[in-house]
Amino acid sequence: MSDTLQLILEDTDGTQLETSCTRVAVLWQGKELWIQQDGRGQLLIGVDVEEGDAEYANLLLRPLATNLVSLQLEMEPADLSDDEDHVHGPDCNHDH
């Protein structure tokens, strides 16, 4: 499998531009929301964390309809006392 994303960008007037890349970011609520494939057919979505950030982002995905989902960005305080280099992810076993 390829890790290349085929993108279709559309303006408000319906004009479309097709391109491809390995990673794409959307600036959303002041954060960079990165989207990429992992080469195994999965889509990875993450939010960049800057050094010294006092908060980290939770992405909440909820089904809305047969072909729609809602993606919500929630900021939570970062607990820097445990491990300053820890990145919360799907394998994180912390209670938050």
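Above this note sits the structure.
Residues numbered from 1 in each chain as written. Predicted model: local features only at pLDDT ≥ 70, side-chain atom pairs only at ≥ 80, totals over all residues. Heavy atoms only, no water.

### Some thoughts on the overall build of the protein chain
Counting its secondary structure elements, the protein chain contains zero helices and seven strands. Ordered by position from the N terminus, the helices and strands of the protein chain form the series β-β-β-β-β-β-β. By residue count, 10% of the 96 residues in the protein chain fall in the buried class. A separation of at least 24 residues holds for 22% of the contacts in the protein chain among residues at least 6 apart in sequence. (Helix = DSSP H or I, 4+ residues; strand = E, 2+ residues; numbered from the N terminus. Buried < 20%, exposed > 50% of the residue type's maximum accessible area, 1.4 Å probe, protein only. Contact = heavy atoms within 4.5 Å.)

### Let's talk about the side chain of N58
Note that N58 resides in strand β6 (residues 55-65). Overall, N58 belongs to the buried group, its relative accessible area being 16%. A polar atom in the side chain of N58 sits 2.9 Å from the side chain of E76. Ignoring sequence-local partners within four residues, the contact set of N58 consists of Q72, L73, E74 and E76. (Polar contact = N/O pair within 3.5 Å; in protein donor to acceptor, adjacent residues only side chain to side chain.)

### Notes on the environment of L61
Relative to the elements of secondary structure, L61 occurs in strand β6. Residue L61 is classed as exposed on the basis of its relative accessible area, which comes to 58%. Dropping the residues within four chain positions of it, L61 is found in contact with V69, S70 and L71.

### Notes on the pattern of salt bridges
All told, the structure shown has two salt bridges when counted by the stated rule. When the shortest N-O distance is used, the salt bridge between K31 and D53 registers 3.3 Å. Residue K31 is found in strand β4 (residues 31-37), and its partner D53 is found in the loop between β5 (43-47) and β6; the two are separated by 22 residues along the sequence. The exposure class assigned to K31 is buried, which follows from its relative accessible area of 18%. (Salt bridge = Lys/Arg side-chain N within 4 Å of Asp/Glu carboxyl O.)

### Focus: the sheet that holds β5
Pairing within the open sheet is antiparallel, and its three strands lie in the order β3-β4-β5. Each edge of the sheet is formed by a strand with only one pairing partner; in this case those strands are β3 (23-28) and β5. Between one strand axis and the next, the sheet turns through 20° on average, direction left out of account. Relative to β4, β3 runs antiparallel, the two being bridged by six bridges. Each residue of the ladder has a partner; that of R23, found in β4, is Q36. (Pairing = 2+ DSSP bridges. Axes fitted to C-alpha atoms, helices over the stretch in contact; angles between N-to-C directions.)

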